[in-house]
Amino acid sequence: MTVHLEVAEGVGTLRLDRPPMNALDVATQDRLKELAEEATRREDVRAVVIHGGEKVFAAGADIKEMQAMDHAAMVLRSKALQDSFTAVARIPKPVVAAVTGYALGGGCELALCADYRIAGENAKLGQPEILLGLIPGAGGTQRLSRLIGPSKAKDLIFTGRQVRADEALALGLVDRVVPAEEVYAQAHAWAAKLAQGPAIALRAAKESVDTGLETDIDTGLAVERNWFAGLFATEDRERGMRSFVEEGPGKAKFR
């Protein structure tokens, strides 16, 4: 299998395993979708880390495989390609990408599906599809522009250039830069901390933010309002408020 789901301490790690560069071929895309949906369903998975290993996150699509496809084949495949990445983006739990080495093309698009990105000092990110006479096809034109703004996204997409970790941080493409050997440990720690939080409230927060980015503010406010009121029916809300009143902030133990 080219993708594995490993679970420990409430954290599910989606680990890419297709040496040497974790090229995202059709089988890997399909497996990624399958495991993202499994992580969504499993109650023992409270947060998710996406990781490609110590040397490389994912260097992009399998170009040799794509070269053999004609227009008709890609018309049939492109929806499944996007669906595999959307399955990751829609995991209703906190998701962090642990990026080491290359995260190019589909690899960069996969990192964009996370809620938070921790990159190693050796990371290089980019959308080089234009150099093949293509554009990003797994959500890059949409998620990248929403994350860093349209003009910065167009610069990366139009030129196909790679950016190192420090520039990626300045652009807002990644959220933290650490030594390469610490990337996974820090990503797992971020996820493990959130795995101890109120699961339904975290789901509500993620859905409210993501939906709001995709619609008008009135619709976004309605989603927020409905989730906010609905959380008053949860045990976690009772536990959190009782702990705040009796012990002070930040001491609640959620189930």
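Structure report, in brief. Since this is a predicted model, take the numbers as computed values, not measurements. Counting from 1, residues in each chain are numbered in the order their sequence is written. With pLDDT at 70 or above as the cut-off, local features in this predicted model cover only qualifying residues; side-chain atom pairs require 80 or more to be listed or tallied, and sums for whole chains, interfaces and linings still use all residues. The side-chain numbers reported here are obtained from all heavy atoms of the structure, hydrogens and water having been left aside.

Right, let's talk about the overall build of the protein for a bit. Numbering of helices and strands starts at the N terminus; helices are DSSP runs of H or I of at least 4 residues and strands are runs of E of at least 2. Within the protein, the regular secondary structure consists of 11 helices and nine strands. Values of the radius of gyration come from C-alpha atoms, whereas the globule rule sets the reference at 2.2 Å times the count of residues to the power 0.38. Here the protein has a C-alpha radius of gyration of 19 Å; the compact-globule value for 255 residues is 18 Å, and the two agree. If you line up the protein on its principal axes, its C-alpha atoms span 65 × 40 × 35 Å. We call a residue buried when its accessible area falls under 20% of the maximum for its residue type, exposed when it is over 50%, and partly exposed in between, using a 1.4 Å probe and counting protein chains only. Residue burial in the protein is summarised as follows: out of 255 residues, 45% are buried. If you take every contact in the protein between residues at least 6 apart in sequence, the share linking residues at least 24 apart comes to 69%. Whether two residues touch is decided by their heavy atoms; if any such pair falls within 4.5 Å, the residues are in contact.

Okay, unusual backbone geometry next. Cis geometry is adopted by the peptide bond preceding Pro20, which originates at Pro19 and carries an omega value of 5°. Not every positive phi belongs to a glycine, and Glu9 is a case in point at roughly 55°. Inspection of the secondary structure puts Glu9 in the loop between strand 1 (3–8) and strand 2 (11–16).

Attention now moves to the packing of helix 9 (residues 199–213) against helix 10 (residues 217–230). At their nearest, the axes of helix 9 and helix 10 sit 8 Å apart, and the two run at 170° to each other. Judged on the interaxial angle alone, helix 10 and helix 9 are roughly antiparallel. Together, Ile200, Ala204, Glu207, Ser208, Thr211 and Gly212 of helix 9 and Gly220, Val223, Glu224 and Trp227 of helix 10 make up the contact between the two elements. Any residue outside Ala, Val, Leu, Ile, Met, Phe, Trp, Tyr, Cys, Pro, Asp, Glu, Lys and Arg is labelled polar, Gly included; the first ten of those are nonpolar and the last four are charged. Residues belonging to the contact of helix 9 with helix 10 are distributed by class as follows: four nonpolar, four polar and two charged. Every axis in this analysis is a line fitted to C-alpha atoms, fitted for helices over the stretch in contact. Angles between the N-to-C directions lie between 0 and 180 degrees. An angle below 35 degrees is treated as roughly parallel, one above 145 as roughly antiparallel, one from 65 to 115 as roughly perpendicular, and anything else as oblique.

This part covers the sheet that holds strand 6 (residues 116–120). For two strands to pair, DSSP has to find at least two bridges joining them. A sheet is described by the order of its strands in space; here six strands give the open sequence 1-2-3-4-6-9, paired in mixed fashion. A strand with exactly one partner marks an edge of an open sheet, and here the two such strands are strand 1 and strand 9 (176–178). Each adjacent strand pair in this sheet contributes to an overall mean axis angle of 20°, direction not counted. With five bridges connecting them, strand 2 and strand 3 (residues 47–51) associate as parallel partners. Bridging across to strand 3, Arg15 finds its partner in His51. Sheet strands touched by helix 1 (residues 26–41): strand 1, strand 2 and strand 3. Its angle to strand 1, the strand with the most contacts, is close to 25°.

What follows concerns the nonpolar core. Among buried residues, those of type Ala, Val, Leu, Ile, Met, Phe, Trp, Tyr and Cys that are joined through side-chain atoms within 4.5 Å constitute a nonpolar core. Formed by 45 residues in total, the largest nonpolar core has its most connected members in Phe57, Val88, Val99, Leu110, Leu125, Leu144 and Leu173. Here this core gets five residues from one element, more than from any other, and that element is helix 3 (residues 71–89). The contacts of Val88, once residues within four sequence positions are left out, are Leu32, Ala36, Ile50, Leu110 and Cys113. Among the nonpolar cores identified, the runner-up in size contains 13 residues, and Ala47, Val183, Ala192 and Ala195 belong to it.

For strand 6, the buried fraction is high: five of the five residues fall into the buried class. Here strand 6 shows two buried faces, one formed by Tyr116, Ile118 and Gly120 and the other by Arg117 and Ala119. As defined by bridge partners, strand 4 (residues 95–99) adjoins strand 6 across four bridges and the pair is classed as parallel. Residue pairing in the sheet places Ala98 in a bridge with Ile118 of strand 6. Judged from the three bridges that link them, strand 6 and strand 9 form a sheet pairing that is parallel. Looking across to strand 9, one finds that Ala119 is bridged to Val177.

We now examine the environment of Arg143. With respect to the helices, strands and loops of the structure, Arg143 is situated in helix 5 (residues 140–148). On the basis of relative accessible area, Arg143 is assigned to the partly exposed category, the value being 21%. Note: C-alpha distance between Arg143 and Glu109 (34 residues apart in sequence) is 7.8 Å. Polar contacts involving the side chain of Arg143 include one to the side chain of Thr86, which spans 3.3 Å. Counted as a polar contact is a pair of N or O atoms within 3.5 Å, where, for protein atoms, one must be capable of donating a hydrogen and the other of accepting one, and residues adjacent in sequence contribute only when both atoms are in side chains.

Attention now moves to helix 3. Residues separated by three or four positions in an α-helix point in the same direction, a consequence of the helix having 3.6 residues per turn. Expected span, for any helix, means 1.5 Å times one less than how many residues it has. For helix 3, spanning 19 residues, the distance from its first C-alpha to its last is 27 Å, which sits close to the expected 27 Å at 1.5 Å a residue. We define the bend at any residue as the angle between the axes fitted to the seven residues before and including it, ending there, and the seven starting there. Maximal helix bending in helix 3 amounts to about 35°, located at Arg77. The set of residues buried in helix 3 consists of Arg77, Leu81, Ser84, Phe85, Thr86, Ala87, Val88 and Ala89. Summarising the contacts, the buried residues of helix 3 are in contact with helix 1, strand 3, helix 4 (106–112), helix 5 and helix 9. Backbone nitrogen of Ala72 and a side-chain oxygen of the N-cap are separated by 3.3 Å at the start of helix 3; the cap is Asp70.

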